[in-house]
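A closer look at the structure
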Amino acid sequence: MQSNNSKTYELVLTALFIAIIVAMASTPLGYIPLVVINATTLHIPVIIGSLFLGPKKGACLGGVFGITSFIKSSLTPTPSAFAFSPVAALTMLPHDTVGQAVALVFKSTFIAIVPRILIGVVPYFVYVGIKKAISSEKKVVYGSIINTIISFIMGFGVFAFFNKMISEGKVGFSTTVAQIIGVVIGIAVFVAIEYLFMNKDAKALGFITAGISGAMTNTLLVMGSIYVFYRIPYSEVLQIDPSALMGVIGGIISFNGVIEAIVGAVIVYLVGIVLDKIKPAGVYSGKDTKIKAVTPTATEEKLAQ
C-alpha cells in the first residue's frame, strides 16, 4: 500500500509541475530561442511528470498543457488559432449548420487536448520498455540499437539546424559542411551515450529516449491532426496550395520536431537523473510489483559503493 510520504511527495510534485506548466505557458519561458527557431519546451514538465508520477498523472499534466494552449489561442488568436481553440474556430471559419459548428469544436478541442494528454502517457511506457530491454540478457544489443537511433536523430537535428541557418544566410559554410557537422555530432553522441550506458548510468538511455518520444508525440500528432482536420484552411493561412501542405508539415516535423526532441532529451535527462536519486522513475503509486526498476549489474553495484 502506498505510504503517506509517497502520497505527499506525488501530490507536491504534481502541484509543482502544474504550476511550472502554467508559468511557462504564460511567459516566454515556454520557448527557447535558437537563432532560427523558438523551440517549444512546454512538453518537458509533462514528460518528466509522466516518468515520476505515472501515466495517469502524466495524462492530467498533459491535459493542463492542452488547456493552456486552448486558452492562449482563444485570448490572443493568431491566424492559425482555429486549430487549437474552438472559440477561434467558430469565429474564424465558416459554419452554416449546428453540425458543422459541433465538428469545428470537436476538431479544435481534439488537436489542443488529445496529443498533449498522450505526451504524459507515451514517454512513461517508452521508459519502462527501455528499462526492461536493458535489464535483459541482451542489454548490450538492445542498448546499442536504441543508442544508434537516438544518435541519428541528434545528428540529423544538428544538420537540419545548420541547413536552416545556411538557407537564411546566417552562416557562411555549405550544406556539405553542415552534413559533416551532423555526422560528427551523431558519432560523438553515440560514444557519449554508450559510455554512460555501459559504464555509468544505464538509465540515461531511458531518460533520453523518453524525452525524444514525448516531443515527437506532440509534434507528430498535432501536425498530423491539423493536416487531417484543417488541411484547406491551414493551407490558406500559409498561402500555399493544399497539395503542398504535406511537404510543409514534413519539413516542420523534420526540423522543429527534431530540434525540440533534442532539447527535450537533454533537459529530461539532466532533470531525470537528479529526481531519480530521490524517487526512482517508472515506479509510481506503490506499483513496484508491476513495474520494477532495472536490476543493477555487478559493475553498477561497485560504482554505487
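None of the values given here were measured: they were computed from a predicted structure.

Next up on the list: the overall build of the protein chain. The number of helices and strands found in the protein chain is 11 helices and two strands. Helices and strands in the protein chain line up, N terminus first, as α-β-β-α-α-α-α-α-α-α-α-α-α. By the burial criterion, 46% of the 305 residues in the protein chain qualify as buried. Long-range contacts, defined here as pairs at least 24 residues apart, represent 73% of the contacts in the protein chain between residues at least 6 apart. Element-wise, carbon and sulfur atoms account for 69% of the exposed surface of the protein chain, whose accessible area totals about 15,000 Å².

Applying the stated criterion to the full structure yields 10 aromatic pairs. On the basis of an interplanar angle of 90° and a centroid distance of 5.6 Å, the ring pair of Phe-110 and Phe-229 is categorised as edge-to-face. Highlighted residues: Phe-110 in helix H5 (residues 98-119) and Phe-229 in helix H9 (residues 203-238), separated in sequence by 119 residues. For Phe-110, a relative accessible area of 27% puts it in the partly exposed group. Using a relative accessible area of 24% as the deciding quantity, one classes Phe-229 as partly exposed. Taking the centre distance of 6.2 Å and the plane angle of 20° together, the rings of Phe-152 and Phe-156 count as stacked. Of the two residues, Phe-152 and Phe-156 both sit in helix H7 (residues 139-167), four residues apart, roughly one turn of that helix. Through a chain of ring-to-ring contacts, three or more aromatic side chains come together here, namely Phe-52, Tyr-127 and Phe-207.

On to the pattern of salt bridges. Following the criterion strictly, the structure yields two salt bridges and no others. Here Glu-10 ties to Lys-57 by a salt bridge, and the two come within 3.4 Å at their closest N and O atoms. Pair noted here: Glu-10 is in helix H1 (residues 4-26) and Lys-57 is in helix H3 (residues 55-75), with a separation of 47 residues, a long-range link.

Our focus in this paragraph is the packing of H5 against H9. In contact at an axis separation of 8 Å, H5 and H9 are set at 165° when each is read in the N-to-C sense. In terms of orientation, H5 and H9 fall into the roughly antiparallel class. In the crossing of H5 with H9, the sense of the turn from one axis to the other is right-handed. Packed against H5, whose contacting residues are Leu-104, Phe-106, Lys-107, Ser-108, Phe-110, Ile-111, Pro-115, Arg-116, Leu-118 and Ile-119, the element H9 presents Gly-214, Thr-217, Asn-218, Leu-221, Val-222, Ser-225, Ile-226, Phe-229 and Tyr-230 at the interface. The residue makeup of the contact of H5 with H9, split by class, is 12 nonpolar, five polar and two charged.

What follows is about the confidence of the model for the protein chain. As a note on interpretation, predicted positions should not be read in detail where pLDDT is low. In the predicted model, the protein chain carries a mean pLDDT of 82, and the fraction of residues at 70 or more is 86%. Confidence, read as mean pLDDT per element, is least for helix H11 (residues 298-304) in the protein chain (43) and greatest for H5 (94). Overall, residues 288-305 carries pLDDT values under 50, and its contacts beyond four positions in sequence, including any with other chains, amount to 20 contacts.

Right, let's talk about H3 for a bit. Taking 1.5 Å as the rise per residue, H3 with 21 residues should run 30 Å; its terminal C-alpha atoms sit 30 Å apart, in good agreement. Turning to H3, its buried residues are Pro-55, Gly-58, Ala-59, Leu-61, Gly-62, Gly-63, Val-64, Phe-65, Gly-66, Thr-68, Ser-69 and Ser-73.

Here the focus is unusual backbone geometry. The phi torsion at Gln-239 lies on the positive side, around 60°, for a residue other than glycine. The residue Gln-239 is located in the loop between H9 and helix H10 (245-278) in this model. A residue is classified by how much of its surface remains accessible, and Gln-239, at 73% relative accessible area, is exposed.

Next up on the list: the packing of helix H2 (residues 43-53) against H10. Where H2 meets H10, the axes come as close as 10 Å, and the angle between the chain directions of the two elements is 40°. Looking at the two axes, H2 sits oblique to H10. Our pair here, H2 against H10, has a crossing hand that is right-handed. Contact residues: H2 offers His-43, Ile-44, Ile-47, Ile-48, Leu-51 and Phe-52, while H10 offers Glu-260, Val-263, Gly-264, Ile-267, Val-268, Val-271, Gly-272, Leu-275 and Asp-276. Among the residues making up the contact of H2 with H10, the classes are represented as 10 nonpolar, three polar and two charged.

A few words on a nonpolar patch on the surface. A surface patch of nonpolar side chains, about 370 Å² in accessible area, is lined by Val-141, Tyr-142, Ile-145 and Ile-149. As for its position among the elements, Ile-145 is in helix H7.

Along the chain, the position of Ile-47 falls in helix H2. For Ile-47, a relative accessible area of 0% gives the class buried. Separated by 167 residues in the primary sequence, Ile-47 and Gly-214 have C-alpha atoms spaced 6.1 Å apart. Discounting residues that sit within four places of it in the chain, Ile-47 has contacts with Ile-119, Pro-123, Ala-210, Gly-211, Gly-214, Ala-215 and Val-268.

Each value, and the rule that gives it
- Residues numbered from 1 in each chain as written.
- Predicted model: local features only at pLDDT ≥ 70, side-chain atom pairs only at ≥ 80, totals over all residues.
- Heavy atoms only, no water.
- Helix = DSSP H or I, 4+ residues; strand = E, 2+ residues; numbered from the N terminus.
- Buried < 20%, exposed > 50% of the residue type's maximum accessible area, 1.4 Å probe, protein only.
- Contact = heavy atoms within 4.5 Å.
- Areas by Shrake-Rupley, 256 points an atom, 1.4 Å probe, with all protein chains shown as cover.
- Phe/Tyr/Trp six-rings, centres within 6.5 Å; stacked < 30°, edge-to-face > 60°.
- Salt bridge = Lys/Arg side-chain N within 4 Å of Asp/Glu carboxyl O.
- Axes fitted to C-alpha atoms, helices over the stretch in contact; angles between N-to-C directions.
- Parallel < 35°, antiparallel > 145°, perpendicular 65-115°, else oblique.
- Left-handed = near helix turned anticlockwise from the far one by under 90°.
- Nonpolar A, V, L, I, M, F, W, Y, C, P; charged D, E, K, R; others polar.
- pLDDT = per-residue confidence, 0-100.
- Expected span 1.5 Å × (residues − 1).
- Patch = residues over 30% accessible without salt bridge, like charges linked within 9 Å, V, L, I, M, F, W, Y side chains within 5 Å.

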